[in-house]
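A look at the structure
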Amino acid sequence: MTGVTAPHPEWECAIRVSLIPSGGEPYLESFELPAPDPVEHWGQTYAFRGPILAAVEASSPGASGAGILVKITVRAEVSLPCSRCLRQTGLAIVGDLRYLFTLRSSHEDCPEREEGADRDGDIDVIPVDAFEAVLDLSPYVWEVLVLNLPEGALCADDCKGLCPICGKDKNEGDCGCKEDNTDPRLAVLREL
Ligand SMILES: [Zn+2]
Ligand SMILES: [Zn+2]
């Protein structure tokens with residue numbers, strides 16, 4: 001990803017690998033993480049209102065040591081400028097991604113795993129050299145958060161936007177400018 005800063009330094013979002021049952025049932029844990037600094041993405045600035053909530057579901061579906069499947073669901077309140085009038089607009093976002101942490105050695109000769117990833121299409125395979133006692137998920141929580149930032153927002157469905165002539169917010173009243181609605185280029189398009 002480009003233009004994305006590192007995760008918030010105070011984020012502590014790691015799970016103890018020994019707590020994940022070997023039978024395949026999921027281990028659940030949730031984290032409340034401090035709001036990060038505003039983020040630049042999609043060419044605009046996002047501010048965060050309140051903490052980031054991350055729910056983690058980790059399971060060990062295969063033979064022991066084969067891999068850890070982690071589903072991360074992130075919820076956050078973001079604030080970004082309205083696409084029409086630039087007023088700060090709050091939005092609740094929620095998104096999830098799945099990651100399969102798998103030993104580099106077992107990954108190479110494990111075609112079944114590859115098939116599974118292809119079939120679902122939405123599992124990111126993360127090869128690791130060894131499983132540490134704790135699995136730090138903060139970079140992945142960060143990734144889920146950033147990938148789910150909305151490309152734009154409207155303060156209201158019928159936001160009137162800014163006057164292209166004087167720049168006044170037309171939601172606050174008519175500025176009296178005479179907009180030329182007979183743009184010849186638009187007229188051509190209308191005829192199509
Ligand atoms: Zn607006
Ligand atoms: Zn105007």
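See the structure above.
Source: prediction; values computed, not measured.

Some details on the overall build of the chain
In terms of helices and strands, the chain carries four helices and eight strands. Along the chain, helices and strands appear, N-terminal first, in the series β-β-β-β-β-β-α-α-β-β-α-α. Within the chain, contacts between residues at least 6 apart in sequence are counted, and of these 66% link residues at least 24 apart.

Describing the pairing of strand β6 (residues 88–103)
On a regular strand, each side chain points to the face opposite its neighbour's, so the side chains alternate between the two faces of the sheet. Note: strand β5 (residues 67–81) against β6, 15 bridges, orientation antiparallel. Note that in β6 the partner of Val78 across the bridge is Leu91. Linkage of β5 to β6, two consecutive antiparallel strands, is achieved through a turn of six residues, within which Leu86 is found at a positive phi near 70°.

Here we look at the environment of Tyr46
Relative to the helices and strands, Tyr46 is located in strand β4 (residues 44–59). Tyr46 gets classed as buried once you count the C-beta atoms within 10 Å, which come to 22. Remark: the alpha-carbon pair of Tyr46 and Pro150, spanning 104 residues in sequence, is separated by 9.4 Å. For Tyr46, the contacting residues outside a window of four places in its chain are Pro38, Val39, His41, Val78, Leu80 and Leu149.

Observations regarding the environment of Asp158
Take Asp158: it is sitting in the loop between α3 (138–147) and α4 (184–191). Sequence spacing of Asp158 and Asn171 is 13 residues, and the spatial spacing of their C-alpha atoms is 9.3 Å.

Concerning α3
Those residues of α3 not exposed but buried are Tyr140, Val141, Trp142, Val144, Leu145 and Val146. Summarising the contacts, the buried residues of α3 are in contact with β3 (39–41), β4, β5 and β6.

About the criteria used
- Residues numbered from 1 in each chain as written.
- Chains lettered and ligands numbered in written order.
- Predicted model: local features only at pLDDT ≥ 70, side-chain atom pairs only at ≥ 80, totals over all residues.
- Helix = DSSP H or I, 4+ residues; strand = E, 2+ residues; numbered from the N terminus.
- Contact = placed C-beta atoms within 7 Å.
- Pairing = 2+ DSSP bridges.
- Buried ≥ 20, exposed ≤ 12 C-beta atoms within 10 Å, placed from the backbone.

On their own, these measurements won't tell you what the molecule is for.
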